[in-house]
Amino acid sequence: MTERNENNEQIASSNLMADQEVPVEQGFTPVSNAVDDDEVMKVHFAGFWMRFWAYLADLLVIGSLNRILIHPIFKFYEGTDDLWFSAEGFLTGVVFFLYFVLMTKFLNQTLGKMIFGLKVVALKEEKSNISWGTILFRELIGRYISKITWIGYLLAGLLPKKQALHDIFADTGVVLIRR
């Protein structure tokens, strides 16, 4: 038969006498002893509207970056290039994808997600940082497909884990980190 002391450490009851105090070690307790099975952290996935507003905030940031960095370079350029195939269009696309890839890799959230208290997490990886392969697949290939079909973004409002199409492809999710 075992009992637990005030730091949730197991102690054998046969070693205890009714009038004897047990010295308690001060220090860190292992995580496995500190969390009971009943105290499992609940994860709240971010729904469509929270992600939508965060994405709009990100588009404002990206648009501002493009206006500051890219557009002044081409202000006096009188080229006949179509916007989709111009150097300016290409560079603004690079800024768009670099923003999402680098922010998600190093911070697990973009500025829009920071504003709304959201974070990208890997559903099947053990590490806290998401791997480069997962990030590149999610942000480059998956986001491109979601952007073309638009139904990919709408899935975030319909699925149980609130995953968009690019989240499903990369086994990631967006969770609320503050309530």
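Along every chain, residues carry numbers that run from 1 in the direction the sequence is written. In keeping with the model being predicted, local features are shown solely for residues with a pLDDT of at least 70 and side-chain atom pairs are shown and tallied solely at 80 or more, while totals for entire chains, interfaces and linings include all residues. Side-chain descriptors were evaluated using all non-hydrogen atoms of the structure, hydrogens and water having been removed beforehand.

**Q** What am I meant to see in the overall build of the protein chain here?
**A** Secondary structure follows DSSP: runs of H or I at least 4 residues long count as helices, runs of E at least 2 residues long count as strands, and numbering of each begins at the N terminus. Looking only at helices and strands, the protein chain features seven helices and four strands. For the protein chain, the α and β elements follow one another from N to C terminus as β-β-α-α-α-α-β-α-α-α-β. Classification of the 179 residues of the protein chain by burial places 32% in the buried group. Contacts between residues were defined by any pair of non-hydrogen atoms, one from each residue, lying within 4.5 Å. Long-range pairs, those at least 24 residues apart, make up 62% of the contacts in the protein chain with a sequence separation of at least 6. Relative accessibility under 20% of the residue-type maximum defines a buried residue, over 50% an exposed one, and the middle range a partly exposed one, all with a 1.4 Å probe and only protein chains included.

**Q** Teacher, can you tell me more about the pattern of salt bridges here?
**A** Pairing is possible between side chains that carry opposite charge, provided their charged atoms lie close to one another. Definition used for salt bridges: Asp or Glu carboxyl oxygen within 4 Å of a side-chain nitrogen of Lys or Arg. Under the defined criterion, the tally for this structure stands at three salt bridges. Residue D167 is joined to R51 by a salt bridge in which the shortest nitrogen-to-oxygen separation is 2.5 Å. Taken as a pair, D167 in helix α7 (residues 165-170) and R51 in helix α2 (residues 48-70) lie far apart in primary sequence, 116 residues in all. The residues D167 and R51 share a single accessibility class, namely buried. For R138, the salt bridge is made with E139, and the minimal N-O distance between the two is 2.4 Å. Under the relative-accessibility criterion, R138 is labelled buried at 1%. In this structure, a network of salt bridges that share partners links the residues R51, R138, E139 and D167.

**Q** Sorry, what's going on with the packing of helix α3 (residues 87-107) against helix α5 (residues 132-149) here?
**A** Helix-helix packing is characterised by the crossing angle of the two axes and by the distance between the axes. Lines fitted to C-alpha atoms define the axes here, with helix axes fitted over just the stretch in contact, and angles between the N-to-C directions of these axes take values from 0 to 180 degrees. Where α3 contacts α5, the axes come no closer than 10 Å and their chain directions differ by 140°. Of the possible angle classes, the one that applies to α3 and α5 is oblique. In this structure, α3 crosses over α5, and the sense of that crossing is right-handed. Seen from α3, the contacting residues are F96, F97, F100, V101, L102, T104, K105 and F106; seen from α5, they are W132, I135, L136, E139, L140, R143 and K147. Following the grouping adopted for this structure description, the nonpolar residues are Ala, Val, Leu, Ile, Met, Phe, Trp, Tyr, Cys and Pro, the charged ones are Asp, Glu, Lys and Arg, and the polar ones are all others, Gly among them. Of the residues contributing to the contact of α3 with α5, the split by class is ten nonpolar, one polar and four charged. Relative orientations are named as follows: roughly parallel for angles under 35 degrees, roughly antiparallel for angles over 145 degrees, roughly perpendicular for angles from 65 to 115 degrees, and oblique for any other angle. The handedness criterion is simple: a crossing whose near helix is rotated anticlockwise from the far helix by less than a right angle is left-handed, and one whose near helix is rotated clockwise is right-handed.

**Q** What should I look at first to understand the pairing of strand β4 (residues 172-176) in this one?
**A** Successive residues of a regular strand alternate their side chains across the two faces of the sheet. Of all the five residues making up β4, five are buried; the element is thus mostly covered by neighbouring parts of the structure. Residues T172, V174 and L176 line one face of β4 and the alternating positions G173 and V175 line the opposite face, and both faces are buried. Bridging between strand β3 (residues 118-122) and β4 involves five bridges; their strand directions are antiparallel. In the sheet register, A122 faces β4, and the bridge partner there is T172. At least two bridges found by DSSP between two strands are what make those strands a pair.

Read these as layout, nothing more, since geometry by itself doesn't imply function.
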